[in-house]
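# Descriptive analysis of the structure
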Number of protein chains: 2
Amino acid sequence: MIETPYLLFLGDAPDQLAAKVAQGIRDWRPDNAIGQFRMEGCKADVGLPDMDLNAARDAGAKTLVIGVANRGGVISAAWKKVLVQALEEGFDLASGLHNLLRDEEDLAAVARATGRRLHDVRVPDVTYPIANGVRRSGKRCLAVGTDCSVGKMYTSLAVDREMKARGLKSTFRATGQTGILITGNGVPLDAVIADFMAGSIEWLTPDNDADHWDHIEGQGSLFHVSYSGVTMALIHGGQPDALILSHEPTRTHMRGLPDYDLPSLEALRDAALPLARIANPACQVVGVSINTAAMGEDAALSYLAEVEKCMGLPTVDPFRQGAARLADALEAL
Amino acid sequence: MIETPYLLFLGDAPDQLAAKVAQGIRDWRPDNAIGQFRMEGCKADVGLPDMDLNAARDAGAKTLVIGVANRGGVISAAWKKVLVQALEEGFDLASGLHNLLRDEEDLAAVARATGRRLHDVRVPDVTYPIANGVRRSGKRCLAVGTDCSVGKMYTSLAVDREMKARGLKSTFRATGQTGILITGNGVPLDAVIADFMAGSIEWLTPDNDADHWDHIEGQGSLFHVSYSGVTMALIHGGQPDALILSHEPTRTHMRGLPDYDLPSLEALRDAALPLARIANPACQVVGVSINTAAMGEDAALSYLAEVEKCMGLPTVDPFRQGAARLADALEAL
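No experiment lies behind these values; they were computed from the predicted model shown. (Residues numbered from 1 in each chain as written. Chains lettered and ligands numbered in written order. Predicted model: local features only at pLDDT ≥ 70, side-chain atom pairs only at ≥ 80, totals over all residues. Heavy atoms only, no water.)

This part is about the interface of chain B and chain A. With 35 residues of chain B in contact, the opposing surface of chain A contributes 32 residues. Buried surface at the junction of chain B and chain A, both sides included, amounts to about 2,700 Å², of which 62% is carbon and sulfur. The interface formed by chain B and chain A holds 0 salt bridges in total. Inspection of the chain B/chain A interface yields 10 residue pairs in polar contact (both at pLDDT 80 or more). Among the secondary structure elements, those contributing two or more residues to the side of chain B that touches chain A are α7 (197-204), α8 (228-238) and α9 (265-279) of chain B. (Contact = heavy atoms within 4.5 Å. Buried area = accessible area lost by both parts, 1.4 Å probe. Salt bridge = Lys/Arg side-chain N within 4 Å of Asp/Glu carboxyl O. Polar contact = N/O pair within 3.5 Å; in protein donor to acceptor, adjacent residues only side chain to side chain. Helix = DSSP H or I, 4+ residues; strand = E, 2+ residues; numbered from the N terminus.)

The sites that carry the UniProt feature "domain: D-glutamate N-acetyltransferase-like C-terminal" (unreviewed entry) are, in the present numbering, residues 130-326 of chain A. Helix and strand shares over residues 130-326 of chain A are 39% and 16% respectively, and the end C-alpha atoms of the span are 32 Å apart. (UniProt positions renumbered as here; feature names shortened; annotations may be inferred.)

In this section: the packing of helix α9 (residues 265-279) of chain A against helix α10 (residues 297-311) of chain A. Residues and elements named next belong to chain A. At a minimum axis separation of 11 Å, α9 and α10 run at an interaxial angle of 45 degrees. As summarised for this structure, α9 and α10 are arranged oblique, according to the angle between their axes. As α9 runs across α10, the sense of the crossing is right-handed. Listed contacts from α10 to L265, E266 and R269 of α9 are V307, C310 and M311. Grouping the amino acids of the contact of α9 with α10 by side-chain chemistry returns 4 nonpolar, no polar and 2 charged. (Axes fitted to C-alpha atoms, helices over the stretch in contact; angles between N-to-C directions. Parallel < 35°, antiparallel > 145°, perpendicular 65-115°, else oblique. Left-handed = near helix turned anticlockwise from the far one by under 90°. Nonpolar A, V, L, I, M, F, W, Y, C, P; charged D, E, K, R; others polar.)

Okay, the environment of A:V126 next. Residue placement: A:V126 occurs in the loop between β5 (118-120) and β6 (139-145). Taking C-alpha positions, A:V126 is 21 Å from A:Q239, a pair spaced 113 residues apart along the chain.

Next comes the structure, spelled out in structure tokens:
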């Protein structure tokens, strides 16, 4: 569990896209972040007050979260100076970078000396159980995609927000580094040992009130040969009551696999639903979420209408249209 | 690397299935094991002479192999006593358990003091790549099961032995601790980090002669919610040309999951084949392997004939009948 509130470190981000982790926190858990720390030359701005370490600490910030991708996979000397100072002034650090904070000898030494914590959210810090398949109380929804990176996390966060706004019991359950930094906890599923993958998802989504919904962040795709095992573990460990199919219509091949075509939404449904029903025979596909970011308004609306007709399911782009119809479908289940 | 011959440690195995590591060594490398060590309450018997440590040492045994698997892989205090004594009496230890011999402080200390070796065959000693899905030359066969522990490894070892006997190019590719203890190498797949599972299987079964067959040891089952992600990674990382369906007809529920029924062989075929064709569109189901160990001869033969008729595929128990018809089917592909 990462202590909140955060100060978001944007560093020397070369553009807004480089700060997408910080932007995600700002968009989805604004109460978790009280300010942003920008170094000279920073080209990103997530719309929070600019604060130095002292001001943020006085305002109550507990953790400096690295909300920016580092260039070349190296934590630069310029970043280091800020990170060391933050530890010395009482902040914990949290990061989803590939190169770990704990592997930086200077950061590790200062953290030890100051008693502060280094959260590398790509690394599991829990001993997960082997899945036992026992049915759990409460409801669970999982987004499954035709490919990686088609908007599954966004979809789950949007449905969670909509259900909360309706006064319903709802929790977003993070399974990747961005989601974990947004919510402050979760399972870094792609770094879990194979035998414990499904068990980690059972652990993440325990028994709950009968009318509570967990929205489980999806990973990979059953059709992506590099990561399909991770997706499978989510389907069986999550034992979802509801699946939302996710798709990005302009993708020309599977992400990183130029020789692999994307499946149709029908093929995704026909693969995912029977597998999900092994763990939860009542599972239903309740809707379709399309990422139309690369399409104009008319083309997007026309595409959504066409998919809705073919699939016979509520079909929305939650970014353009909100997630109300997906939440309706879950409420109706 | 592991000194032979072995004394096989069966511990307090609760049933015969729990000793499948020892049974596999006994079946496939009988010359390597001179005896079995059973504690009070042991319910397994692999048909070797019962020996205590002194007798086994006098008979020439070099390594005590932990031939029994516990769910979760815990080394109990009762086991410890035997293992410490074995080190003190001059045995090396070899284990495929999740919790490592080397992580047990007392075992590590005694091993250091006595100069004995601790072999943890479950620990990956390779940095595996992320799968790239590129098609590889050579042929690959994977056994997939209706459940865990239904005879997949046995089937692959039997087909490999049959093809070698015919002078064909054939390699058994181990993916679990038993196979690794038998062959001396392989990928301990259930201990691999999630993101690298499929890549480890690509690494294990590289480009080969066009007429060479890899027989990839299966793991888990698409229908076993604890381990289905591991099975999925084998199907996509292995990109098999051929699948063999494996089943144990007397199983009353999925192993360790009392609320889960086994699927039919038709359901297994219909789940596995479309998923396999994502990575290899030419993949075929070539045969069925039934473990009839718990059935009488007449009942077994009658059951095999019935399945063969229903499935329209060569159906054998390779233990009773040999794997010739499965090898025929692969040769005909």
